[in-house]
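Letter by letter, the chains look like this.
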Amino acid sequence: MALNQYSQVKLAFLPTPLQELPRLTHALKGPRLLIKRDDQTGLALGGNKTRKLEYLFGDALKQDIDTIITAGAIQSNHCRQTAAAAAQMGLRCDLLLNGKYPRLFEGNVLLDNLLGAHIHWKGEEGEPTSLEELAAKVIIAGHKPYLIPYGGSNTFGALGYVNAMAELMEQQKAISHPITHIVFASCSGATHVGLVLGAKLFGFSGKIIGISVDYDESKKTQFQKELVELANATSKKLGLDTLFKNEDFNVNYDYAKGYAIVGELERNAIQLLARQEGILLDPVYSGRAFGAKLDMIKKGTFSKEETVLFWHTGGSPALFPYSSELVSR
Ligand SMILES: *Cc1c(COP(=O)(O)O)cnc(C)c1O
């Protein structure tokens, strides 16, 4: 298998559990609901970036580098997990975060700080405004950086989710009903690309539905193009001649009503899964995608006999900074 030619640094606790949601399935009167616990991947509270980082660090460690740099939002799970992986590998980590130096270090940014990352604030005077500018600054300071893109979404990142699909196919053997749908939060795209490529490679025949949490309908053309390009580049990397088209990527843009705007949809979804099954989502990604899935169930998108898997992508550290939007009084 061509996947083996790429080095992987072991960062994740795999396989992550595939769990049934019997109480919620019963409460909603079907469809049959499952959850894939990639919030339990390990690496400083877990999440979907762990699988991507195994391949990204596999590549990084082959280069003559001593520093990892990446960028994201203030509550970026990707930045937090990258900082943890860098610490584990004994590398320096520089993060470029959106906004200004915060009044409080809460949630993920607290963890970035605890993990020893050097944080640069994009909104502060004289600070870098792009990853390239940050790289230049780090080089001037005498370090040798390796750049990881936003969300870890390049071909290396996608390989993590190609592998994840192989893992799911193995787990599916032990359950009585085939999985008909996979629903998950999609943002920078490598999770979606990896799953779709993995489905082709390993013969998963269900429908893969990404819930866009950032790009709305107006960015559809752009996002579909990004997904297709990343899929084709990853396919080539694996020595496959499969070419992807727009139709291979099923993205629902109906719930993209502003990045990290937490409202009733997210609050109700987070409370419902927590109270029915004792499982925590996050307010920005998985809470929105799970809310979307609940709304789709209400609208009759799935039949009662189908089996819908929610791929939990992590993010729970962000629950804490959003407490005022999440508490019902
Ligand atoms: C990054 C992230 C996603 C989105 O994954 P992409 O591969 O960027 O599309 C979903 N959920 C959580 C919790 C994330 O941190």
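Our structure is the block above this text.
We now turn to the structure provided with this report. (Residues numbered from 1 in each chain as written. Predicted model: local features only at pLDDT ≥ 70, side-chain atom pairs only at ≥ 80, totals over all residues. Heavy atoms only, no water.)

**Regarding the pattern of salt bridges**
Then, number 1: A complete count under the given rule lists 16 salt bridges for this structure.
Then, number 2: Of the charged contacts in the structure, one is a salt bridge between lysine 173 and glutamate 170, with a shortest N-O distance of 3.1 Å.
Then, number 3: Here lysine 173 falls in the exposed class, since its relative accessible area comes to 65%.
Then, number 4: Note that aspartate 295 is salt-bridged to lysine 299, the shortest N-O span being 2.8 Å.
Then, number 5: Note on lysine 299: relative accessible area 61%, which makes it exposed. (Salt bridge = Lys/Arg side-chain N within 4 Å of Asp/Glu carboxyl O. Buried < 20%, exposed > 50% of the residue type's maximum accessible area, 1.4 Å probe, protein only.)

**Brief notes about the sheet that holds strand S8 (residues 207–212)**
Then, number 1: Across the sheet, 6 strands lie side by side as S1-S2-S10-S7-S8-S9; this open sheet has mixed pairing. Each having just a single partner strand, strand S1 (18–20) and strand S9 (250–252) make up the two edges of the open sheet. Averaged over all pairs of adjacent strands, the angle between their axes in this sheet comes to 30 degrees, without regard to strand direction.
Then, number 2: Where strand S7 (residues 181–186) lies against strand S10 (residues 307–312), 3 bridges are found, and the strand directions are parallel. When the sheet's bridge partners are listed, histidine 181 is paired in S10 with valine 308. (Pairing = 2+ DSSP bridges. Helix = DSSP H or I, 4+ residues; strand = E, 2+ residues; numbered from the N terminus. Axes fitted to C-alpha atoms, helices over the stretch in contact; angles between N-to-C directions.)

**Let's talk about helix H9 (residues 264–277)**
Then, number 1: Between the first and last C-alpha of H9 there are 19 Å, a value that for 14 residues agrees with the 20 Å anticipated at 1.5 Å per step.
Then, number 2: Within H9 the residues assigned to the buried category are Glu266, Ala269, Ile270, Gln271, Leu273 and Glu277.
Then, number 3: Residues of H9 that are buried in the fold lie against S1, helix H1 (22–28), strand S2 (32–37), helix H10 (286–298) and helix H11 (323–326).
Then, number 4: At the exit of H9 stands glycine 278, carrying a positive phi of roughly 70 degrees. (Expected span 1.5 Å × (residues − 1). Contact = heavy atoms within 4.5 Å.)

**Points about helix H5 (residues 131–140)**
Then, number 1: Inspection of H5 places Leu131, Leu134, Ala135 and Val138 among the buried residues, and these make up the whole buried set. Buried residues of H5, seen end-on, are gathered within an arc of 100 degrees and therefore sit on one face of the element. Of the residues in H5, the exposed ones pointing more than 90 degrees away from the buried face are Glu132 and Ile140.
Then, number 2: For H5, the elements touching its buried residues are strand S3 (67–72), strand S4 (92–97), strand S5 (118–121) and strand S6 (145–147).
Then, number 3: One or two residues past the end of H5 sits glycine 142, with phi positive at roughly 95 degrees. (Arc of directions from axis to C-beta.)

**Thoughts on the environment of serine 76**
Then, number 1: By secondary structure assignment, the location of serine 76 is in the loop between S3 and helix H3 (77–89).
Then, number 2: A distance of 3.3 Å separates a polar atom in the side chain of serine 76 from the backbone nitrogen of histidine 78. (Polar contact = N/O pair within 3.5 Å; in protein donor to acceptor, adjacent residues only side chain to side chain.)

**A word on the site of the ligand**
Then, number 1: What surrounds the ligand is a group of 17 residues, the closest being Lys49, Lys52, Ser188, Thr191 and Thr313.
Then, number 2: One of the backbone N or O atoms of glycine 189 is found 3.0 Å from an oxygen atom in the ligand.
Then, number 3: Threonine 191 is positioned with one of its side-chain polar atoms (N or O) 2.6 Å from an oxygen atom of the ligand.
Then, number 4: Relative to its unbound accessible surface of 380 Å², the ligand loses 98% to contact with the protein.
Then, number 5: Assessed atom by atom at 2 Å from the grid points, the ligand resides in the largest cavity.
Then, number 6: When contributions to the shell around the ligand are tallied by element, the ones reaching two or more residues are helix H2 (49–60), S7 and helix H7 (190–202).
Then, number 7: Considering only residue class, the shell around the ligand consists of 4 nonpolar, 10 polar and 3 charged. (Near = heavy atom within 4 Å. Areas by Shrake-Rupley, 256 points an atom, 1.4 Å probe, with all protein chains shown as cover. 1 Å grid on protein atoms, 1.4 Å probe; cavity = no way out; pocket = protein on both sides within 12 Å on 5 of 7 lines; lining within 4 Å. Sits in = over half its atoms within 2 Å of the grid points. Nonpolar A, V, L, I, M, F, W, Y, C, P; charged D, E, K, R; others polar.)

**With respect to the environment of methionine 169**
Then, number 1: By the element assignment, methionine 169 lies in helix H6 (residues 155–172).
Then, number 2: Here the alpha-carbon distance between methionine 169 and isoleucine 179, two residues 10 residues apart in the chain, equals 9.6 Å.
Then, number 3: Discounting chain neighbours no more than four positions away, the residues touching methionine 169 are Phe202, Gly203 and Phe204.

**Quick notes on the packing of H6 against helix H8 (residues 220–237)**
Then, number 1: In the contact formed by H6 and H8, the axes pass within 9 Å of each other and the chain directions differ by 80 degrees. With respect to their mutual orientation, H6 and H8 come out roughly perpendicular. In contact with Thr155, Phe156, Ala158 and Leu159 of H6, H8 contributes Leu230, Ala233, Thr234 and Lys237.
Then, number 2: Partitioning the contact of H6 with H8 into residue classes produces 5 nonpolar, 2 polar and 1 charged. (Parallel < 35°, antiparallel > 145°, perpendicular 65-115°, else oblique.)

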